[in-house]
Amino acid sequence: MVNGQQGDTDPDQTDRTVVVTGGSDGMGRSLVLGRAARGDRVLAVGSNPAKGERLLASARESGLGGRIEFLAADLSTIAGNRAVIEHVTARYETVDALVLAANRQLPRRVETSDGFESTFALYYLSRHLLGHGLMPALSAAAHPVIVNIAGVGLSSGQIHWDDLQLRRRYRTIAAQLQAGRANDLLGVAMAEQFGERVPYVLYHPGFTRSGTSAMEQMNPLTRTVLKALAAVAARPVERAVAPVHGFVDSPPGVPLTAVDRGRPVPLDLSTLDPAAARRLADTTGRMLAAADPTPTARGDGAR
């Protein structure tokens, strides 16, 4: 489902196209409106059409309606990611920035239609698929960048190589931490393969007042506690997204950049191990090929 606002030629609009996943809530929503205010064309991808409509209404009220398009998609599925890739490549000749922010916390294990644990599928696999699938459009841009908003710099959590789908040991935090560590390795692998042309940024914003989506599936007590903590300890969204605007405006000149709450992360950190990154990339390719053998699903379209 696609909802968009098209306007006449805007003299203040840039030639830049930005794609933001998780774009209808929290940090993603703030980024979408902020990029549009800077003159960019922005495609916001989200799973909730009602939130997408509210995003577009806010854009119209701010005079930004002609710069923002909303695309409803289930990024926890291969088909949902394929639909986004096909839409973007059909509509835009180039993509200047891909900002990956979609995530959702689930109190119980949920398996997607492709047979993957949902957190792993949404938080990690979708970022793998979109990064590879949109690489031709990114490579065609003058100064492209991918920004992966996850948890780089943290050393807690691990890749459960013998149980990636957490069938035996699912816990909400364990699933989030595993996907976060997988995104660390994704950044390393993508930078190794494509970083000379399309720089990759791993960015950890820290505890942020980032909207309601992450809390929607939590039990009421946990949700109440987190909301209370956020009120006193979380960073405002505008502060958390400010570095992302910087990465989009001035992409780094190196293949991989890692930043944890404003501090550079050394690239020799154990969670950024190149051998583990190659292992995960190979494992992911085999998993996706088994689930759906089409080239788009595997990410082969980028090669």
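Let's shift gears to the side chain of Ser76. As for its placement among the helices and strands, Ser76 is situated in the loop between β4 (68-72) and α3 (78-91). There is a polar contact of 2.6 Å between the side chain of Ser76 and the side chain of Asp74. Leave out the neighbours within four places in its chain, and Ser76 touches Thr112, Asp114, Ser118, Ala121 and Leu122.

Judged by nonpolar contacts, the single largest core of 54 residues is most densely connected at Leu75, Val84, Val88, Leu98, Tyr124, Ile146 and Tyr200. Counting residues per element, this core draws most heavily on helix α6 (residues 172-194), which supplies nine residues. In this view, Val88 contacts Val19, Leu43, Val95 and Leu134; residues no more than four positions away in its chain are not counted. Judged by nonpolar contacts, the second largest core, of 30 residues, contains Met27, Leu31, Val241 and Phe247.

Moving on to the confidence of the model for the protein. The predicted model of the protein has a mean per-residue pLDDT of 90, with 84% of residues at 70 or higher. Of the regions scoring below 50 in pLDDT, residues 5-9 engages in nine contacts with residues more than four places distant in sequence or in other chains. Below a pLDDT of 50 lies the segment residues 221-233, which in the model reaches 13 contacts outside its immediate sequence neighbourhood of four places, other chains included.

Counting through the fold element by element, Ala276 comes out in helix α9 (residues 274-291). Distance from Ala276 to Ala182, taken between C-alpha atoms, is 9.5 Å for residues 94 residues apart in sequence. Excluding anything up to four places from it in sequence, Ala276 contacts Trp161 and Leu185.

Taking 1.5 Å per residue, 14 residues should reach 20 Å; α3 reaches 20 Å between its end C-alpha atoms and fits that length. Among all positions of α3, only Ile78, Gly80, Asn81, Arg82, Val84, Ile85, His87 and Val88 are buried.

Parameters and conventions
Residues numbered from 1 in each chain as written. Predicted model: local features only at pLDDT ≥ 70, side-chain atom pairs only at ≥ 80, totals over all residues. Heavy atoms only, no water. Helix = DSSP H or I, 4+ residues; strand = E, 2+ residues; numbered from the N terminus. Polar contact = N/O pair within 3.5 Å; in protein donor to acceptor, adjacent residues only side chain to side chain. Contact = heavy atoms within 4.5 Å. Core = buried A, V, L, I, M, F, W, Y, C linked by side-chain atoms within 4.5 Å. Buried < 20%, exposed > 50% of the residue type's maximum accessible area, 1.4 Å probe, protein only. pLDDT = per-residue confidence, 0-100. Expected span 1.5 Å × (residues − 1).

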